[in-house]
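Chain by chain, the residues:
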Amino acid sequence: METFKIYIPEDFYSIWVMAIVVVIAIWLVMFVVRKLIGVALVAALIIGGLMVWQNPAVLRSAQDTAVHYYDQWRFGATADEDQRRG
């Protein structure tokens, strides 16, 4: 703990400024950075959707993947696994 003691200010003004900087940093993380990440995710979804929509091979692969996951969720196993069992 003694190593950090040299970095901790002792006067009231420095502590007050550090507290204000910490509050501003928390505000930035809570509101600004969160919104930027949200905008980046929405942009990535839109760009990815356009790429899938414009390429028929990728669209077909995406549809097969979606059907596979839906079958697995709905029936507990994929249609391919049910066909192999029967």
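Residues numbered from 1 in each chain as written. Predicted model: local features only at pLDDT ≥ 70, side-chain atom pairs only at ≥ 80, totals over all residues. Heavy atoms only, no water.

A. Molecular detail of the overall build of the chain. A count of helices and strands for the chain gives 4 helices and 0 strands. Along the chain direction, N to C, the helices and strands of the chain fall in the order α-α-α-α. Across the 86 residues in the chain, those meeting the buried criterion constitute 3%. (Helix = DSSP H or I, 4+ residues; strand = E, 2+ residues; numbered from the N terminus. Buried < 20%, exposed > 50% of the residue type's maximum accessible area, 1.4 Å probe, protein only.)

B. A look at the packing of aromatic side chains. Overall, the coordinates contain 2 aromatic pairs when judged by the stated rule. Ring geometry for Trp27 versus Phe31: centroids 6.2 Å apart, planes at 40°, classification tilted. Within this pair, Trp27 and its partner Phe31 are both found in helix H2 (residues 12-54), separated by 4 residues, close to a single helical turn. Between Tyr70 and Trp73, the aromatic rings sit 5.8 Å apart at their centres with planes inclined by 45°, giving tilted as the arrangement. Linking Tyr70 with Trp73, this pair stays in helix H3 (residues 56-75), spanning 3 residues, or about one helical turn. (Phe/Tyr/Trp six-rings, centres within 6.5 Å; stacked < 30°, edge-to-face > 60°.)

C. Focus on H3. A rise of 1.5 Å per residue sets the reference length of H3, with its 20 residues, at 28 Å; its end C-alpha atoms lie 28 Å apart and thus fit the reference within 8%. Gly76 occupies a position one or two residues after H3 and carries a positive phi of about 85°. (Expected span 1.5 Å × (residues − 1).)

D. Fine view of H2. Taking 1.5 Å per residue, 43 residues should reach 63 Å; H2 reaches 62 Å between its end C-alpha atoms and fits that length. The largest bend in H2 amounts to roughly 35° and is located at Val29. (Bend = angle between axes of the 7 residues up to and from the residue.)

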